[in-house]
Amino acid sequence: MTSTFTPLRAVRPVATTPRGTVWWLTAGGVVAGPLFLAAGLAQGLTRDGFHFTRNAISQLALGEAGWVQTLSFVVTGALLLAGAAGLRRALHGGPAGTWAPALVGVFGVSFWAAAAFPADAGAGFPAGAPEATVMSGHGAAHMAAGMIGYLALCAAFVVLARPLAARGLRGWAVASRAMTVAVLVGFMASGATVLAFTAGAGLGLLWLSAVTARLADAPADHRSAAVPAGGK
């Protein structure tokens with residue numbers, strides 16, 4: 001009796017990362033934003049002379065207790081880089097799997113730059129500081145790091161919309177693109193009130209946390225592929 005089955009040349013398994021491992025790797029990106037904002041809120045409510053309507057969270061790195069905010073920058077940057085590595089595994093390659101983690105990584109490094117180059121004093125903080133802010137070299141570097149970091153984050157949101165849609169999360173995909181606009185609007189409105197900048201930055205951090213958790217919870221389905229004889 002002659003077999004009618006097509007012989008298999010090889011079975012090529014597609015490399016996968018266990019779901020639990022992906023979750024632990026992306027945990028950094030999930031907790032980074034809420035942890036940073038919670039630390040900023042706690043300090044802002046307890047530091048003399050600090051007012052959220054006049055001062056940016058970055059200024060909390062100034063003064064005697066400034067080391068707390070500096071540490072927050074360093075830890076947040078490390079958590080974001082860990083989250084970027086987790087996203088790379090959760091996305092399983094492709095353009096989004098390359099660019100989104102890279103952009104989130106740039107965002108993470110911007111927090112380290114913010115720690116290395118503190119913001120300028122001004123608007124009455126630290127206590128006793130003049131109202132006017134005089135731009136220094138380290139203050140300019142701090143602002144540049146923040147601008148580059150958040151532009152990278154906004155680009156990451158646009159890139160992540162495609163894998164979200166591919167997983168059937170079309171509402172999340174639309175929201176991810178819309179979040180880019182919301183963050184940029186907050187930055188543009190910062191000239192009128194620093195609170196708009198804080199809100200826009202905080203919104204971006206929280207959305208990154210949410211979308212990272214969602215992608216880790218709904219990874220793409222990759223199975224082993226059997227290649228028939230003569231196939232590629």
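Provided above is the structure to which this section pertains.
Given the structure is predicted, the values throughout are model-derived calculations rather than measurements.

A. Molecular detail of the overall build of the chain. Along the chain, the regular secondary structure elements total six helices and two strands. Counting across all 232 residues of the chain, residues that qualify as buried make up 42%.

B. Quick peek at unusual backbone geometry. Note that the residue after Phe125, namely Pro126, is joined by a cis bond; omega there is 0 degrees. A positive phi angle, close to 55 degrees, is found at Ala123, a residue other than glycine. Within the secondary structure, Ala123 is located in the loop between helix H3 (94-116) and helix H4 (137-166).

C. Highlighting the nonpolar core. Among the nonpolar cores identified, the biggest contains 39 residues, and Phe73, Phe107, Phe111, Tyr150, Leu208, Val211 and Leu215 are the most heavily contacted of them. Residue assignment for this core shows that the elements contributing at least two residues are helix H1 (19-46), helix H2 (66-91), H3, H4, helix H5 (170-188) and helix H6 (194-217). Ranked by residue count, the leading element in this core is H4, at 10 residues. Not counting the four nearest positions on each side in its chain, Val211 is found in contact with Leu160, Leu164 and Trp172.

D. Structural context of the pattern of salt bridges. The tally for this structure, following the rule as stated, stands at two salt bridges. Where Arg214 meets Asp217, a salt bridge forms, and the shortest distance between an N and an O atom there is 3.7 Å. Placement of both Arg214 and Asp217 in helix H6 is noted, with a separation of three residues, approximately one turn of the helix.

E. Examining the layout of surface pockets more closely. The computed volume of the largest pocket comes to approximately 900 Å³. Forming the walls of the largest pocket are 38 residues, and the residues nearest its centre are Ala56, Ser58, His142, Met143 and Phe197. Only H1, H3, H4, H5 and H6 provide two or more residues apiece to the lining of the largest pocket. A per-element tally of the lining of the largest pocket places H4 first, with nine residues. For the lining of the largest pocket, the per-class residue count stands at 25 nonpolar, 11 polar and two charged.

F. A nonpolar patch on the surface, seen in detail. On the surface, Leu35, Trp67, Leu71, Val74, Val75, Val109 and Trp112 cluster together into a nonpolar patch covering about 650 Å² of accessible area. Every element with two or more residues in the nonpolar patch is listed here: H2 and H3. Here the element with the most residues in the nonpolar patch is H2; it accounts for four residues. Looking at the secondary structure, you find Trp67 in helix H2. Trp67 sits in the exposed class, given a relative accessible area of 57%.

G. Structural view of the packing of H3 against H4. In contact at an axis separation of 8 Å, H3 and H4 are set at 160 degrees when each is read in the N-to-C sense. The pairing of H3 with H4 is recorded here as roughly antiparallel in orientation. Handedness of the H3/H4 crossing: left-handed. In this structure, H3 contributes Ala96, Trp99, Ala100, Leu103, Val104, Val106, Phe107, Ser110, Phe111, Ala113 and Ala114 to the contact, and H4 contributes His142, Ala145, Ile148, Gly149, Tyr150, Ala152, Leu153, Ala155, Ala156, Val159, Leu160 and Pro163. Tallied by class, the residues present in the contact of H3 with H4 amount to 20 nonpolar, three polar and no charged.

Parameters and conventions
Residues numbered from 1 in each chain as written. Predicted model: local features only at pLDDT ≥ 70, side-chain atom pairs only at ≥ 80, totals over all residues. Heavy atoms only, no water. Helix = DSSP H or I, 4+ residues; strand = E, 2+ residues; numbered from the N terminus. Buried < 20%, exposed > 50% of the residue type's maximum accessible area, 1.4 Å probe, protein only. Core = buried A, V, L, I, M, F, W, Y, C linked by side-chain atoms within 4.5 Å. Contact = heavy atoms within 4.5 Å. Salt bridge = Lys/Arg side-chain N within 4 Å of Asp/Glu carboxyl O. 1 Å grid on protein atoms, 1.4 Å probe; cavity = no way out; pocket = protein on both sides within 12 Å on 5 of 7 lines; lining within 4 Å. Points joined across faces, edges and corners; volume = space filled by probe spheres on them. Nonpolar A, V, L, I, M, F, W, Y, C, P; charged D, E, K, R; others polar. Patch = residues over 30% accessible without salt bridge, like charges linked within 9 Å, V, L, I, M, F, W, Y side chains within 5 Å. Areas by Shrake-Rupley, 256 points an atom, 1.4 Å probe, with all protein chains shown as cover. Axes fitted to C-alpha atoms, helices over the stretch in contact; angles between N-to-C directions. Parallel < 35°, antiparallel > 145°, perpendicular 65-115°, else oblique. Left-handed = near helix turned anticlockwise from the far one by under 90°.

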